[in-house]
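Inside the fold
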Amino acid sequence: KKELLLEHHVLVIGGGKTFGDYLFPGKLFAQKLKHYLLHELQQFISQGKLILGLGNGFQILVELGILPFVDFKKHISFLPRNFNSWAYLSVQTTTPCIYTKGFQGMYLPLLSSYSFVYMEQQTFETLQKNNQLVLFYGDSTYKPLQPLEQSVCGICDASGKIFGLLAHPEGY
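Here is what the cut-offs are and how they apply
- Residues numbered from 1 in each chain as written.
- Predicted model: local features only at pLDDT ≥ 70, side-chain atom pairs only at ≥ 80, totals over all residues.
- Heavy atoms only, no water.
- Helix = DSSP H or I, 4+ residues; strand = E, 2+ residues; numbered from the N terminus.
- Buried < 20%, exposed > 50% of the residue type's maximum accessible area, 1.4 Å probe, protein only.
- Contact = heavy atoms within 4.5 Å.
- Areas by Shrake-Rupley, 256 points an atom, 1.4 Å probe, with all protein chains shown as cover.
- Pairing = 2+ DSSP bridges.
- Core = buried A, V, L, I, M, F, W, Y, C linked by side-chain atoms within 4.5 Å.
- pLDDT = per-residue confidence, 0-100.
- Polar contact = N/O pair within 3.5 Å; in protein donor to acceptor, adjacent residues only side chain to side chain.
- Axes fitted to C-alpha atoms, helices over the stretch in contact; angles between N-to-C directions.

Concerning the overall build of the chain
Within the chain, the regular secondary structure consists of three helices and seven strands. In sequence order, the chain lays out its α and β elements as β-α-β-α-β-β-α-β-β-β. A buried classification covers 45% of the 172 residues belonging to the chain. Counting only contacts in the chain whose residues sit at least 6 apart along the sequence, the fraction spanning at least 24 positions is 71%. For the chain, the exposed area adds up to about 9,000 Å²; of that, 56% sits on carbon and sulfur atoms.

Digging into the pairing of strand β2 (residues 50-54)
By the criterion of burial, β2 is predominantly enclosed, with four of the five residues buried. When strand β1 (residues 10-13) meets β2, the two strands line up parallel, connected through four bridges. What sits directly across from leucine 11, in β2, is isoleucine 51. The sheet contact formed by β2 and strand β7 (residues 162-165) spans four bridges and is parallel. Considered in β7, the bridge of leucine 52 is made with phenylalanine 163.

Considering the nonpolar core
Ranked by internal contacts, the top residues of the largest apolar core, which has 43 residues, are Leu89, Leu133, Leu135, Val152, Phe163 and Leu165. Here this core gets five residues from one element, more than from any other, and that element is strand β5 (residues 133-138). Here leucine 165 is in contact with Leu52, Gly53, Leu54, Gly55, Phe58, Leu108, Leu135, Cys153 and Gly154, once residues within four sequence places are set aside.

Considerations on the confidence of the model for the chain
Put simply, the chain has an average pLDDT of 84, and 81% of its residues get 70 or more. Long-range and interchain partners of residues 74-80, a stretch whose pLDDT sits below 50, account for nine contacts in this model, where long-range means more than four residues apart.

Quick notes on the side chain of serine 90
Locating serine 90 in the fold gives a position in strand β3 (residues 85-91). Within the local environment of serine 90, its side chain forms a polar contact with the side chain of glutamine 92, the two groups lying 3.3 Å apart. Among the polar contacts listed, one links the side chain of serine 90 to the backbone oxygen of tyrosine 142, at a separation of 3.0 Å. When neighbours within four sequence positions are excluded, serine 90 is seen to be in contact with Gln104, Val134, Leu135, Phe136, Gly138, Tyr142, Lys143 and Pro144.

Focus on the sheet that holds β5
Within a beta sheet, neighbouring strands are joined by backbone hydrogen bonds and run either parallel or antiparallel to one another. A sheet is described by the order of its strands in space; here seven strands give the open sequence β1-β2-β7-β6-β5-β3-β4, paired in mixed fashion. Each edge of the sheet is formed by a strand with only one pairing partner; in this case those strands are β1 and β4 (105-110). Taking the axes of each pair of neighbouring strands and ignoring which way they run, one obtains an average angle of 20° across the sheet. Here three bridges tie β5 to strand β6 (residues 152-156), and the two strands are oriented antiparallel to one another. The residue of β6 that forms the bridge with leucine 133 is isoleucine 155.

Structure (structure tokens):
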């Protein structure tokens, strides 16, 4: 039932190659959510409830327009579709993101070759100015990789209650 969503305080949209990612990561699942739950999702957000998107879930939040538009293209064309690796992530401690409070860095699995974010320079600058860039790929000391524009791994909304990350903490 649609109403069940509003009975909860946290929505987690996990990864998992929804619909095989044949069209584009998260696109079909986002369209289904728009069709069936748009009104309830809008209410959920307006009530200040928490939303977390993991991997494909991050892509779904972007497709829904809940998080700012960024592009999820394959970073390196020779990466296999079912790419598996681990990554050091640098946490930007000045963001409002409630999910990363108390963390300086994380070491988490990546489960897809779509684990890279691309955005226009203006989008990057706006998100940076608004303190919404939460996670960057880092080195083993959790120092962000350069250039920053090419190492974004997670962003949040202005409230810090909606967060999308490309890594998969559930795979830890």
